[in-house]
Amino acid sequence: MIRNLLFLGLFFACSCTETSPDTATLSPLQVSPNGRYLQTVEGKPFFYLGDTAWELFHRLSKTEAQTYLSDRASKGFTVIQAVVLAELDGLHTPNAEGAVPLVNDDPTQWNEAYFAHVDAVVAMAADLDLYIGMLPTWGDKFNQKWGVGPEIFTPENARIFGERLGKRYQDQPIIWILGGDRNPENEEDLQIVRAMAEGLEVGHGGKQLMTYHPQGDFNSATWFHQDAWLDFNMFQSGHGSFNKPNYRKNYANYQLSPPKPTLDGEPRYEDHPVNWKPEEGWFLPFDVRQAAYWNVFSGACGHTYGNHNIWQMWQPDREPISSARTPWQQAMNQEGAQQMQHLRHLMQSRPWYEMRPDSSFLDGGSGQGASKLLGLMAHDQSFAMVYSPYGMPIRLTSFLPADDLAAYWYNPRDGQGQEALQQEAYYFSPPGGVKGGNDWVLVVEKKGRFEEAPGKP
């Protein structure tokens, strides 16, 4: 009897006229003319600062979603990455409103009650000036290499599903992210991904950006860089080790033709066990800062932060995935999450979109390993930045006259700036000495190039 009532409820929900959320006011995004960053359709550069909230639509009530989104907006995030058909038994475990997304696991038969909840969360985000990086599905629904699944997609129904989603959210501040922690491993997988992308593009009329989120240590460019639908590249550096050199994939992507923006869409999560093994330690605030600054200083168009407790919206009444240990409500205020806004503030204090990854102005090289220095240089060489993860001293070449050079230290931990003195010509030593976690950014520029120092002196 209960099963029959549930079926009737789902049938009624799907038989109603499908609705779409009201038109949002955030400007649509596009790729910059030089193919290196994102911008609004009006031409204003857009800094992508994302958070992985994969289970947002599936596990949070509207009230909880409002709490989470308000917090992320207050901390300077600009994109929230969330999944429609979620990873954690997203097809069969109902959402917080008691609804599952599909009838009989059929991507062409929707439960309108579930999508109305997604609509509401998307609208909340838009009201807070947040874009949703929307994954149509987690990857186990087309490649169940691990996880719950089941595999439900074919090229035919993937295109239908994509078109309906694209049409429904065509007027919303959405960035489409295909994949969902999976690689395409055979021709059918590739056909499914491309069919879904084709459907999305038809549905949204080419008004929204699209990318692909692969599994750890992989890169969307491997399969899709030449595909017209892929507007920017995304890779996942993952959670396997300390000091993962995520900058290498950005450097590789930066050399590809045609040029497309790139970023790390899933780096090491704060409060995640290293290599999924608590006995190997946990990723701490420094680890997420290092990943973020290495990412941006190697030419990324932004960065995605992640917290192990938040992606799964863990709380004590839920089974923890991979040793999650902090309720998501508390994890929102962990140090790394609060410090991500300082990265955005630094980059937006200068025209970051006029910079290119370049460490050639570091006299003596950039080093290697955990303390590797990374540099950004303005195309006109009027300003530059260097990230020093361990507080290593920095010696510059004479790209600007020593007596016409303004220099500042920027603290990634608190967003404060202070004057940087030259110990000798072109030689700078960060405060606090050389040690793990004592990371600093050196900002150097031609005197008078900018009115204000970065940060708050």
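Preceding this section is the structure that the text describes.
Described in the following lines is the structure provided in the data block.

**Examining the sheet that holds strand S11 (residues 218–219)**
For step 1, the next point in the chain: Spatial ordering of the open sheet is given by S11-S12-S13, a layout of three strands whose pairing is mixed. Edge positions in the sheet fall to S11 and strand S13 (262–264), since each of these pairs with one other strand and no more.
For step 2, the next point in the chain: Pairing of S11 with strand S12 (residues 233–236), which is carried by two bridges, proceeds in the antiparallel orientation. Within S12, the residue paired with phenylalanine 218 across the bridge is glutamine 236.

**Digging into the environment of histidine 225**
For step 1, the next point in the chain: Locating histidine 225 in the fold gives a position in the loop between helix H7 (221–224) and S12.
For step 2, the next point in the chain: With residues near it in sequence (within four places) discarded, histidine 225 still touches Ser220, Leu230, Asn233, Leu256, Ser257, Pro258 and Lys260.
For step 3, the next point in the chain: Within the local environment of histidine 225, its side chain forms a polar contact with the backbone oxygen of proline 258, the two atoms lying 2.8 Å apart.

**Topic: the pattern of salt bridges**
Side-chain pairing between opposite charges can occur once the charged atoms of the two side chains come close.
For step 1, the next point in the chain: Overall, the coordinates contain 23 salt bridges when judged by the stated rule.
For step 2, the next point in the chain: For arginine 413, the salt bridge identified is with aspartate 439, shortest N-O distance 2.8 Å. Here arginine 413, found in the loop between strand S19 (405–410) and strand S20 (417–419), pairs with aspartate 439, found in the loop between strand S21 (427–428) and strand S22 (440–446); they are 26 residues apart in sequence, far enough to count as distant.
For step 3, the next point in the chain: Because the salt bridges share partners, they merge into one network encompassing Asp51, Asp71, Arg72 and Lys75.

**Section: the environment of glutamate 280**
For step 1, the next point in the chain: As for its position among the elements, glutamate 280 is in the loop between S13 and helix H9 (285–296).
For step 2, the next point in the chain: On the accessibility criterion, glutamate 280 (38% relative accessible area) is partly exposed.
For step 3, the next point in the chain: The spatial distance from the C-alpha of glutamate 280 to the C-alpha of serine 241 is 9.1 Å, given a sequence separation of 39 residues.
For step 4, the next point in the chain: What glutamate 280 contacts, discounting residues up to four positions off in sequence, is Phe242, Val274 and Asn275.

The rules behind each value
- Residues numbered from 1 in each chain as written.
- Predicted model: local features only at pLDDT ≥ 70, side-chain atom pairs only at ≥ 80, totals over all residues.
- Heavy atoms only, no water.
- Pairing = 2+ DSSP bridges.
- Helix = DSSP H or I, 4+ residues; strand = E, 2+ residues; numbered from the N terminus.
- Contact = heavy atoms within 4.5 Å.
- Polar contact = N/O pair within 3.5 Å; in protein donor to acceptor, adjacent residues only side chain to side chain.
- Salt bridge = Lys/Arg side-chain N within 4 Å of Asp/Glu carboxyl O.
- Buried < 20%, exposed > 50% of the residue type's maximum accessible area, 1.4 Å probe, protein only.

These figures come from the coordinates and say nothing about function on their own.
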